[in-house]
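Structural overview
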Amino acid sequence: MNLRGIVAAEKSAVDTGDWKRGEIPRSKWPSRRAKAKAYNYGPLYQWRILTFQAAGEDCRVLLLFNESKRIFRATLGVTKGGETLVICDYEYHASEPGWHCHARCSDLANINVAHNRFGSVRLPKAGSFHRRTEFRHLKQPLSAQTAFNCAISIFKIDKAEGMV
């Protein structure tokens, strides 16, 4: 199984969580290797954890959002042996050229859980042309609701049974 397989797979047992601020509990995004600062964001940041099953894997998305700085990140991870294996970060930062993702496309069995972005591919590359340079999702500007809608659309969680 790989990133494409997880995104394309039918989703079940979806829990969309709630928006929160402050420290992210390690139980929500388990990693024994992550430093404490990986779980702490300033008071302007909101986060949300979505969990679901796909292709027999326990998956989760960490949605990070800062409206004032115009920052959006949706990180897709697969939980393996008490660790979250990050396979994709889909991001928008107003300070960078535009929408991009850091994808780890190898088979999950070949990805080292100790490396967060090591071995990932940035698409498009930083100096390349970016087709989408503004945050827009279905013609809506950046907000908590559009950030959520964008994340479930990117990873096709919105196609899960019972999702609206």
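Let me sum up the structure you'll find in this document. Along each chain, residues carry numbers from 1 onward, in the same order as the chain's sequence is written. Totals for whole chains, interfaces and linings use every residue, but because this is a predicted model, local features are given only for residues with pLDDT of at least 70 and side-chain atom pairs only at 80 or more, for both listing and counting. For side-chain calculations, the full set of non-hydrogen atoms in the structure is used, while hydrogens and water are omitted.

Next up on the list: helix H2 (residues 144-154). Burial here depends on accessible area, computed with a 1.4 Å probe over protein chains only, as a share of the maximum for the residue type. Under 20% is buried, over 50% is exposed, and the range in between is partly exposed. Strands here mean DSSP runs of E at least two residues long; helices mean DSSP runs of H or I at least four residues long; both are numbered from the N terminus. Burial in H2 covers these residues: Thr146, Ala147, Phe148, Cys150, Ala151 and Ile152. One or two steps after H2, the chain reaches Lys156, where phi turns positive at roughly 60°.

In this section: the state of the cysteines. Covalent bonding between the sulfur atoms of two cysteines defines a disulfide. Criterion for a disulfide: a pair of cysteine sulfur atoms at a distance within 2.5 Å. Enumeration according to the criterion identifies zero disulfides in this entry. Of the cysteine sulfurs around Cys101, a residue in no disulfide, the closest is that of Cys88, at 4.6 Å.

Let us look at the pairing of strand E3 (residues 57-66). The side chains of a regular strand alternate between the sheet's two faces. In terms of residue burial, E3 counts as a mostly covered element, since nine of its 10 residues are buried. Pairing of strand E2 (residues 46-54) with E3, which is carried by nine bridges, proceeds in the antiparallel orientation. Opposite Arg48, over in E3, you have Leu63 as the bridge partner. In this structure, the hairpin formed by E2 and E3 is closed by a connection of two residues, where Ala55 is found at a positive phi of approximately 55°. Paired strands are those between which DSSP finds at least two bridges. With eight bridges joining them, E3 and strand E4 (residues 71-80) adopt antiparallel strand pairing. In the sheet register, Cys59 faces E4, and the bridge partner there is Val78. Between E3 and E4, which pair antiparallel and follow one another directly, the connecting turn spans four residues, one of which, Arg70, has a positive phi of 55°.

For Phe, Tyr and Trp, where Trp contributes only its six-membered ring, two rings pair if their centres lie within 6.5 Å, and the inter-plane angle classes them as stacked under 30 degrees, edge-to-face over 60, or tilted in between. What the rule picks out here adds up to two aromatic pairs. On the basis of an interplanar angle of 50° and a centroid distance of 5.8 Å, the ring pair of Trp19 and Phe65 is categorised as tilted. Here Trp19, found in the loop between strand E1 (11-15) and E2, pairs with Phe65, found in strand E3; they are 46 residues apart in sequence, far enough to count as distant. Relative to Tyr45, the ring of Tyr41 has its centre 5.4 Å away and its plane inclined at 45°; by these criteria the two rings are tilted.

Salt bridges are defined by distance alone: a side-chain nitrogen of Lys or Arg within 4 Å of a carboxyl oxygen of Asp or Glu. On inspection of all chains with the given rule, the structure shows two salt bridges. The closest approach of N and O atoms between Lys80 and Glu57, which form a salt bridge, is 2.9 Å. Highlighted residues: Lys80 in strand E4 and Glu57 in strand E3, separated in sequence by 23 residues. Where Arg73 meets Glu91, a salt bridge forms, and the shortest distance between an N and an O atom there is 3.2 Å. Of this pair, Arg73 sits in strand E4 while Glu91 sits in strand E5 (residues 83-93); the two residues are 18 residues apart in sequence, bridging distant segments of the chain. In this structure Glu91 comes out as buried when scored by relative accessible area, which is 2%.

Another aspect to go through is the environment of Arg48. Looking at the secondary structure, you find Arg48 in strand E2. Assessed through its relative accessible area of 11%, Arg48 is described here as buried. Along the sequence, Arg48 and Phe148 sit 100 residues apart, while their C-alpha atoms lie 8.6 Å from each other. Two N or O atoms count as a polar contact when they lie within 3.5 Å, although within protein this holds only if one can serve as hydrogen donor and the other as acceptor, and sequence-adjacent residues are included solely when both atoms are side-chain atoms. A polar contact is formed between the side chain of Arg48 and the backbone oxygen of Thr16, at a distance of 2.9 Å.

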